[in-house]
Amino acid sequence: MSHAPLAVPQNGTMEHHQEPGGSLFENGDCDLSRSLGRSRPTSIERNRSFDDRSFSELPSSDHYLDNSVFSPGRRSSSMGTPTSGFEPHPLMSEAWDALRRSIVSFRGQPVGTIAALDHSTEELNYDQVFVRDFVPSALAFLMNGEPEIVRNFLLKTLRLQSWEKKIDQFKLGEGVMPASFKVLHDPVRNFETLIADFGESAIGRVAPVDSGFWWIILLRAYTKSTGDTSLAELPECQRGIRLILTLCLSEGFDTFPTLLCADGCSMIDRRMGIYGYPIEIQALFFMALRCALLLLKQDEESRECIDQIIKRLHALSYHMRNYFWLDIKQLNDIYRYKTEEYSHTAVNKFNVMPDSLPDWVFDFMPSRGGYFIGNVSPARMDFRWFCLGNCVAILSCLATPEQSSAIMDLIESRWADLVGEMPLKICYPAMEGHEWRIVTGCDPKNTGWSYHNGGTWPVLLWLLTAASIKTGRPQIGRRAIEMAEGRLLKDGWPEYYDGKLGRFVGKQARKMQTWSVAGYLVARMMLEDPSQLGMIALEEDKQMLPQIKRSSSWIF
């Protein structure tokens, strides 16, 4: 996450952040619950599962992922009797206490959780509500039958999207969602206002691409969990979805269906050589497109957007499953590539030089297993493993069932490298020496095996657990959770760990990091009640199979 303080205009006003009149958000202190008719209570009784059968009684995990049926929110078994024979851990109560202390209110309503409660050092922007950071917190509250804070967050960030966004007199796209926001209190007037960061205060001044995708994914999770479709059906929410996707679906010069974006626009929000088409953004893009299909109303206003989504999904799934996928066979094919191939029949479509293959990848690739590599662009392939992108590929079904299984095979085969003694590596391997100096710009925080450069991030625990349940291998998530439980509270819920095995609390890691707390809670609750997976994972859509004929045999 970016750590630059959020700039406040010297005159104390927010002139370029004016809200449009005549909408749901007219008069910023309106009661959001009133606009939704208070149709659902905050506490919702827990159901055993989507169809009253336990996880073990179902033939496959996709029975939890039926997108056509919304499941009512459920109070987690962590607060009552556990299912699946998984005993509640004493750490759960400590985690819930920490999560509740991080709640931020705006005009009397909970609207999110701050990034960290660590006051031992300069806060920078850790006292703000980040869109990407709030996702695991939101899932924890939904799983515990507390949807109000999630509903408020979705509406407040939607309101921020409607602001005019300028950086150095340059206007951003209308659909851009903020990276974060902060509640400012005026003690003289006893009045609260919101201030948002769209990239104008971020380190590197990079606008977040992932915020809009996470917002759509979270809106679908809220709808799936509560069964309340009224929020997603609001005209403002429908328009918000369309605005986000308009930024991504517009036609231009790009010949690839993947989304071109700058380095630092996602969870890895500093320079790490992931500019172009990073796997994290592509996987989130794919998942947001699929969630949008479930959320958009079939009306005249959305018809064109829906048609564009369907076409893009076909092309994107084909491109990612073929050109971003790496296993032992693909690695051998690249090793034998010919270069300077011209015409549409070229096998080496991106003109990748076999000599650019890094030495480490030959030892890293097991005989069984595979993964989506970090990036593919002309003459350049980033062969690094990135955890978030691969886990989201599984949850969204961007990965085929065979590819999903191969990713889990890789994690098990390379457990020491990818998990180590503290889950979970954000990427592998780290850059060091001359490569680190050139690619990161000598970033002192991203030294080898630290922070974004091969550091270990506890928040990723929930994504690994969700992927392991979806692939029918929950023991992988259980093993990682039990490993983390021995250290998280003792170490003060740090943001990240350093070292090849994740043995050391990060050199600049903030303690009491909220998404480290929430990531653990979500992982634990999903293991106790695997039906919770349905709010964040999608089932395979047979109609989404690529409709493009290949121009040659199996191509990378």
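Residues numbered from 1 in each chain as written. Predicted model: local features only at pLDDT ≥ 70, side-chain atom pairs only at ≥ 80, totals over all residues. Heavy atoms only, no water.

The name given to the chain in an unreviewed UniProt entry is Alkaline/neutral invertase, and the organism recorded there is Cuscuta campestris. The UniProt entry for the chain carries this comment under Catalytic activity (unreviewed entry): "Hydrolysis of terminal non-reducing beta-D-fructofuranoside residues in beta-D-fructofuranosides." Recorded in UniProt under Sequence similarities (unreviewed entry), the annotation for the chain is "Belongs to the glycosyl hydrolase 100 family." (UniProt positions renumbered as here; feature names shortened; annotations may be inferred.)

A. Broad picture of unusual backbone geometry. Put simply, P423 and L424 share a cis peptide bond, and its omega is 15°. Note on placement: L424 falls in the loop between α14 (415-418) and β11 (427-428). Cis geometry marks the peptide bond from Y428 to P429; its omega dihedral reads -5°. Not every positive phi belongs to a glycine, and D168 is a case in point at roughly 50°. Summarising the element assignment, D168 is placed in the loop between β4 (166-167) and β5 (170-171). In the Ramachandran plot, C442 falls in the positive-phi region, its phi being about 60° despite a non-glycine side chain. (Helix = DSSP H or I, 4+ residues; strand = E, 2+ residues; numbered from the N terminus.)

B. How the structure looks around the sheet that holds strand β3 (residues 129-130). An order of β3-β6-β7 is seen for the three strands of this open sheet, with the pairing classed as antiparallel. Two strands lie at the open edges of the sheet, namely β3 and β7 (191-197), each paired on one side alone. Here seven bridges tie strand β6 (residues 180-186) to β7, and the two strands are oriented antiparallel to one another. By the bridge assignment, V183 is partnered in β7 with L194. (Pairing = 2+ DSSP bridges.)

C. Fine view of the confidence of the model for the chain. Residues of the chain with pLDDT of at least 70 account for 81%, and the chain-wide mean is 86. For the stretch residues 67-85, pLDDT sits under 50, and the model shows 72 contacts to residues farther than four places along the chain or on other chains. (pLDDT = per-residue confidence, 0-100. Contact = heavy atoms within 4.5 Å.)

D. Region of interest: empty space enclosed by the protein. Tallying each qualifying case throughout the model produces four cavities of 30 Å³ or more. Approximately 100 Å³ is the volume found for the largest cavity. As for the largest cavity, its lining consists of R132, V135, P136, W214, M267, L388, V459, L460, W462, L463 and W515. If you list the elements that add at least two residues to the lining of the largest cavity, you get α3 (131-143) and α16 (461-470). It is α3 that contributes the most residues to the lining of the largest cavity, three residues altogether. Broken down by class, the residue content of the lining of the largest cavity amounts to 10 nonpolar, no polar and one charged. (1 Å grid on protein atoms, 1.4 Å probe; cavity = no way out; pocket = protein on both sides within 12 Å on 5 of 7 lines; lining within 4 Å. Points joined across faces, edges and corners; volume = space filled by probe spheres on them. Nonpolar A, V, L, I, M, F, W, Y, C, P; charged D, E, K, R; others polar.)

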